[in-house]
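The chain contents come next:
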Amino acid sequence: MVTTEQSSARLPATASREPPRDVDPAATAFFLDFDGTLAGIAHEPGAVRVKPRVTEALGRLAAAANGALAIVSGRDIAQVDALLAPLRLPVGGVHGLERRDAAGRLQRVAVDAALAERVGSRVAALVARNPGLLREVKPGSVALHYRKRPELAGTCMELARRLADEDGRIELLRGRKVVELKFARRSKADAIAGFMAEPPFAGRKPLFAGDDVTDEDGFAEVVRRGGMAIKIGDGETAAAFRFAGIDAFHDWLAAMAGLDDAEGTQ
Ligand SMILES: [Mg+2]
């Protein structure tokens, strides 16, 4: 790990330590990203799956934390539920645009349906001209995936910027081979803050694990609250802790949940 020091620029800490294994679930509020954190990255968002060992660890950890475990994802809540079934956990979906609390109550940020329609159809037109691009319509946003056509990153960004320039309510969020157009300004930090104001999360020390640049808002939020931010994989980050890859994170999660390490990765 090479750390670059620049005299005046305040670079985020380059995390290199794995987090400790003595985290007390009874005193921790767990927030976990989904893609690249609980499930590996697939060519299409619909193709991912969660290993049974991970689902089992989540269920056990949620119980040990008295329910203070939430998924904080760019996916919508319905997708998270389907991928983690039979688990049904608190979820902050669509980067904070929707949230289901521990009591099962759903909150959604209101968005302009006409705006969503206009942006959705412009993105659909680009996808129609370029096979391999993928449009994903979510509550409150439209994502344009270019995992299968990485050479079209510039074309996708150009359309996204033009649409954002046309309407100031649109916020662009760039992730791994995807650009997302959100119709209201919310982030994963808002989702975490919402949970932290409520039982059973309130009063606990927050922990957030994620893999992407879209998780940095969430990292900053838990650091501000004296919690633990965990980055998975490479890249500059505000997180103080890091796992080199998703398998190492899953081993840690299994250990936290009291699953036997010797089972290994399935
Ligand atoms: Mg992710």
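Parameters and conventions
Residues numbered from 1 in each chain as written. Predicted model: local features only at pLDDT ≥ 70, side-chain atom pairs only at ≥ 80, totals over all residues. Heavy atoms only, no water. Helix = DSSP H or I, 4+ residues; strand = E, 2+ residues; numbered from the N terminus. Rg over C-alpha atoms; globule rule 2.2 N^0.38 Å. Areas by Shrake-Rupley, 256 points an atom, 1.4 Å probe, with all protein chains shown as cover. Lys, Arg positive; Asp, Glu negative; His and termini not counted. Charge placed at Lys NZ, Arg CZ, Asp CG, Glu CD. Buried < 20%, exposed > 50% of the residue type's maximum accessible area, 1.4 Å probe, protein only. Pairing = 2+ DSSP bridges. Donors = N, O, S within 2.8 Å, 3.2 Å for Na, K, Ca; no water. Core = buried A, V, L, I, M, F, W, Y, C linked by side-chain atoms within 4.5 Å. Contact = heavy atoms within 4.5 Å. 1 Å grid on protein atoms, 1.4 Å probe; cavity = no way out; pocket = protein on both sides within 12 Å on 5 of 7 lines; lining within 4 Å. Points joined across faces, edges and corners; volume = space filled by probe spheres on them. Domains from an automatic or database assignment. Axes fitted to C-alpha atoms, helices over the stretch in contact; angles between N-to-C directions.

1. Some details on the overall build of the protein
And then number 1: Tallying secondary structure elements over the protein gives seven helices and twelve strands in all.
And then number 2: Relative to a compact globule of 266 residues, whose C-alpha radius of gyration would be 18 Å, the protein shows 18 Å and is just as compact.
And then number 3: For the protein, the spread of C-alpha atoms along the three principal axes comes to 50 × 45 × 35 Å.
And then number 4: Surface accessibility of the protein: about 12,100 Å² in total, with carbon and sulfur atoms responsible for 50%.
And then number 5: The distance from the centre of the 37 positive side-chain charges to the centre of the 37 negative ones in the protein is 3 Å.

2. Details of the pairing of strand S7 (residues 141-145)
And then number 1: The buried count for S7 comes to five of five residues, which makes it a mostly enclosed element.
And then number 2: Every second residue of S7 is oriented toward a common face, with Ser 141, Ala 143 and His 145 on one face and Val 142 and Leu 144 on the other, all of them buried.
And then number 3: Two elements, strand S6 (residues 134-138) and S7, share five bridges in a ladder whose sense is antiparallel. Bridged to Lys 138 within S7 is Ser 141.
And then number 4: Counting the residues between successive antiparallel strands, the hairpin from S6 to S7 contains two residues, one of them, Gly 140, with a positive phi of roughly 95°.

3. Structural notes on the coordination of the magnesium ion
And then number 1: Distances from the magnesium ion to its protein donors, Asp 33 (OD), Asp 35 (O) and Asp 211 (OD), fall within 2.1 Å.
And then number 2: Counting the intervening residues between successive donors of the magnesium ion yields the motif D-x1-D-x175-D. The same class applies to Asp 33 as to Asp 35, namely buried.

4. Side note on the nonpolar core
And then number 1: By size, the foremost hydrophobic cluster in this structure holds 51 residues, and its most contacted members are Phe 31, Ile 71 and Leu 253.
And then number 2: Those residues in contact with Ile 71 that sit more than four places away from it in its chain are Leu 32, Phe 34, Leu 38, Val 80, Leu 84, Leu 89, Pro 90, Val 91 and Gly 92.
And then number 3: Core analysis: the second largest hydrophobic core is formed by 21 residues, Leu 115, Ala 153, Cys 156 and Ala 164 among them.

5. Describing empty space enclosed by the protein
If a probe as big as a water molecule is rolled over the atoms, it shows which places are left empty.
And then number 1: As enumerated under the stated definition, the model contains one cavity of 30 Å³ or more in all.
And then number 2: Lining the largest cavity we find 25 residues, and of these Asp 35, Gly 74, His 95, Arg 147 and Val 178 sit closest to its centre.
And then number 3: The biggest single contributor to the lining of the largest cavity is strand S8 (residues 171-175), with three residues.
And then number 4: Split by domain, the residues of the lining of the largest cavity number at least three in each of domain 1 (25-108 + 187-263) and domain 2 (113-182).

6. Structural notes on the sheet that holds S8
And then number 1: One open sheet holds the four strands; their spatial order is S6-S7-S9-S8, and the pairing between them is antiparallel. Strands at the two margins of the open sheet, each flanked by one partner only, are S6 and S8. Strand after strand, the sheet turns through a mean of 20° between neighbouring axes, direction not considered.
And then number 2: Relative to strand S9 (residues 178-182), S8 runs antiparallel, the two sharing five bridges.

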